[in-house]
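Coordinates in review
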Amino acid sequence: MPIRRLYPLMLALLALPACGGDDVRGVGLAAFDTAGVPAFDADGAHALLARQVAFGPRVPGSAAHAAQLDWMTAFLRERADTVIVSPFQHTASDGRALAMSNVFARFEPEHRDRVLLLAHWDTRPTADNDAERSDEPIPGANDGASGVAVLMEIANVLASHSAPIGVDLLFVDGEDYGPGERDMYLGAKHFAANRPPGYQPLYGILVDMVADQQPVFPIEGNSQSMAPEVVARVWGVAEQLGLGHIFVRRPGRTVMDDHVPLNRAGIRTIDIIDFDYGPGNGLWHTHGDVVENTGPAGLDAVGRVLLTLIWNRG
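Residue positions are given per chain, counted from 1 along the sequence in the order it is written. Predicted model: local features are reported for residues with pLDDT of at least 70 only, side-chain atom pairs are reported and counted for 80 or more only, and whole-chain, interface and lining totals are derived from all residues. Each side-chain value is derived from all of the structure's non-hydrogen atoms; neither hydrogens nor water enter the calculation.

1. Topic: unusual backbone geometry
With the exception of glycine, most residues fall at negative phi, and the peptide bonds are largely trans. Glycine 178 connects to proline 179 through a cis peptide bond whose omega is 10°. Counting through the fold element by element, proline 179 comes out in the loop between β4 (166-172) and α4 (186-194). Unlike most non-glycine residues, glutamate 108 shows phi in positive territory, near 55°. Elements are defined by DSSP. Helices are runs of H or I of four residues or more, strands are runs of E of two residues or more, and each kind is numbered from the N terminus. Counting through the fold element by element, glutamate 108 comes out in the loop between β2 (97-107) and β3 (114-120). To sort residues, take the accessible area from a 1.4 Å probe on protein chains only and compare it with the maximum for the residue type: under 20% means buried, over 50% means exposed, and anything in between is partly exposed. When its relative accessible area of 13% is taken as the criterion, glutamate 108 is described as buried.

2. Quick notes on the pairing of β2
Within β2, 9 of the 11 residues are buried, which leaves the element mostly enclosed by the surrounding structure. Each pair of strands is called paired provided DSSP finds at least two bridges between the two strands. Where strand β1 (residues 82-91) folds back onto β2 in an antiparallel hairpin, the turn is made up of 5 residues, including glycine 95, whose phi is positive at roughly 90°. Bridge analysis of β2 against β4 gives 5 bridges, and the strand direction is antiparallel. Note on β4: the bridge partner recorded for alanine 105 is leucine 169.

3. Notes on the packing of helix α1 (residues 42-54) against helix α2 (residues 63-77)
For the pair α1 and α2, interaxial distance at closest approach is 10 Å and the crossing angle is 150°. With respect to each other, α1 and α2 are oriented roughly antiparallel. The way α1 lies across α2 gives a crossing that is right-handed. Residues Leu48, Arg51 and Gln52 of α1 pack against Gln68, Trp71 and Phe75 of α2. Each residue is assigned to one of three groups, with Ala, Val, Leu, Ile, Met, Phe, Trp, Tyr, Cys and Pro labelled nonpolar, Asp, Glu, Lys and Arg labelled charged, and all others, Gly among them, labelled polar. Considered class by class, the residues forming the contact of α1 with α2 number 3 nonpolar, 2 polar and 1 charged. Only the stretch in contact is used when a helix axis is fitted, and all axes are lines through C-alpha atoms; the angle between N-to-C directions ranges over 0 to 180 degrees. Every angle not falling under 35 degrees, over 145, or within 65 to 115 is termed oblique; those three ranges are roughly parallel, roughly antiparallel and roughly perpendicular. By definition, any crossing whose near helix is turned counterclockwise from its far helix by less than a right angle is left-handed, and any crossing with a clockwise turn is right-handed. By definition, residues are in contact when any of their heavy atoms lie within 4.5 Å.

4. Section: the sheet that holds β1
Taking strand neighbours across the sheet as the criterion, the 6 strands line up as β1-β2-β4-β3-β5-β6 in an open arrangement whose pairing is mixed. The outermost strands of the open sheet, each flanked by one partner alone, are β1 and β6 (269-273). Looking at each pair of strands side by side, their axes are set apart by 20° on average, direction ignored. Taken strand by strand, helix α8 (residues 297-311) contacts β3, β4, β5 (204-208) and β6, and its axis lies near 170° from that of β5.

5. Side note on the packing of helix α6 (residues 228-240) against α8
α8 packs onto α6 with a crossing angle of 110° between their chain directions and a minimal axis gap of 9 Å. Between α6 and α8, the interaxial angle falls into the category roughly perpendicular. Seen from above, α6 lies across α8 with right-handed handedness. On α8, the residues touching Arg233, Val234, Val237 and Ala238 of α6 are Val305, Thr308 and Leu309.

6. Considerations on the confidence of the model for the protein chain
Each residue carries a pLDDT value, the predictor's own confidence for that position, ranging from 0 to 100. Model confidence for the protein chain is summarised by a mean pLDDT of 91, while 90% of its residues fall at 70 or above. Ignoring residues within four places in sequence, the model shows residues 2-28, a span with pLDDT below 50, making 71 contacts including any to other chains.

7. Some points on the pairing of β6
Burial analysis of β6 places 5 of its 5 residues in the buried class, the great majority of the element. Burial along β6 is two-sided: the residues Thr269, Asp271 and Ile273 and Ile270 and Ile272 are all buried. The pairing of β5 with β6 spans 5 bridges and is classified as parallel. Bridge pairing in β6 links leucine 206 to aspartate 271.

8. Some thoughts on the environment of glutamine 89
Here glutamine 89 lies in strand β1. Sequence separation of glutamine 89 and alanine 99 is 10 residues, and the distance between their C-alpha atoms is 4.9 Å. Those residues within four positions of glutamine 89 in sequence are excluded, and the remaining contacts are Leu98 and Ala99.

9. What about the environment of alanine 105?
Looking at the secondary structure, you find alanine 105 in strand β2. Residues alanine 105 and valine 83, 22 residues apart in the sequence, show an inter-C-alpha distance of 4.4 Å. Once you skip the residues sitting within four places of it in the chain, alanine 105 turns out to touch Leu76, Ala80, Thr82, Val83, Val167, Asp168 and Leu169.

10. Description of the pattern of salt bridges
Within this document, salt bridges are pairs made up of a side-chain nitrogen of Lys or Arg and a carboxyl oxygen of Asp or Glu, the two lying within 4 Å of each other. Using the criterion set out here, one finds 11 salt bridges in the structure. For arginine 79, the salt bridge goes to glutamate 78, with nearest N and O atoms at 3.3 Å. For arginine 79, a relative accessible area of 23% corresponds to the partly exposed category. Classification of glutamate 78 by relative accessible area gives exposed; the value is 64%. Two residues, aspartate 276 and arginine 253, come together in a salt bridge whose shortest N-O distance is 3.2 Å. A residue pair is termed long-range when its members are at least 10 positions apart, and aspartate 276 in the loop between β6 and α8 and arginine 253 in the loop between α6 and α7 (259-264) qualify at 23 residues. The exposure class assigned to aspartate 276 is partly exposed, which follows from its relative accessible area of 38%. A residue is classified by how much of its surface remains accessible, and arginine 253, at 31% relative accessible area, is partly exposed. One salt-bridge network, held together by shared partners, links Arg106, Arg114 and Asp168.

Listed below in structure tokens is the structure:
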């Protein structure tokens, strides 16, 4: 996650919809059926997180970036019905030409109703919040690898269980390049401008920085203002699953992230994000963003919520 402009939330955000509200299709949310929802392997997801970090920092143009792309694409092609790799170029503010790629994996393509889950797979090229070696890239265990790990473990589930709805997994590149916003959210902007003709999922969910050892996901401000019905559905599922202490119904910060370009393109998308990584957010954009400072609890909470949504037809 890059340096983002933070804005105070309006007091109106305190009046958040309860789980008895309406979802994106106007269907009541009195209860979600948890019977038959496949289990989410949190330890397996955490192992996928560690596997990414083992490549090294996945900065565009690096050998680690290329290695992760090859591994991730092969992993998804063994599991998904369709995998589309979309390479694109970006010239950064410093004049550097960057080769990047989005990866789009599709499950149950025959279903018209679909949900979009996304995460960024690149890592920050500078540890700009670290007092030492601030010009070197971060390991990206939480900031990058965690969201990808959740989606890849969901790919494992979808490969062995037929979902009742179409699911698309989007792995976007170039979210965290920076330092300014001109060089951020690049993969999301590219997908928004080049999505498949007529592609319109019911909604999208971005997963970003969810592996803190004490995870807490308040409601991000742009998510609440741009797609409040999606927020209501996701947090309602979490509460029914007994995860209300992690998916807390209180306003968090308002941030720019990959969900904003998608909302601007007409895909109503929210951001599940933990704003505090380590005490006082002291691990964010530092060399302390390592596997040892992450855990499976947040991965488990997000994975269970997403699978429950999918098995309740979005």
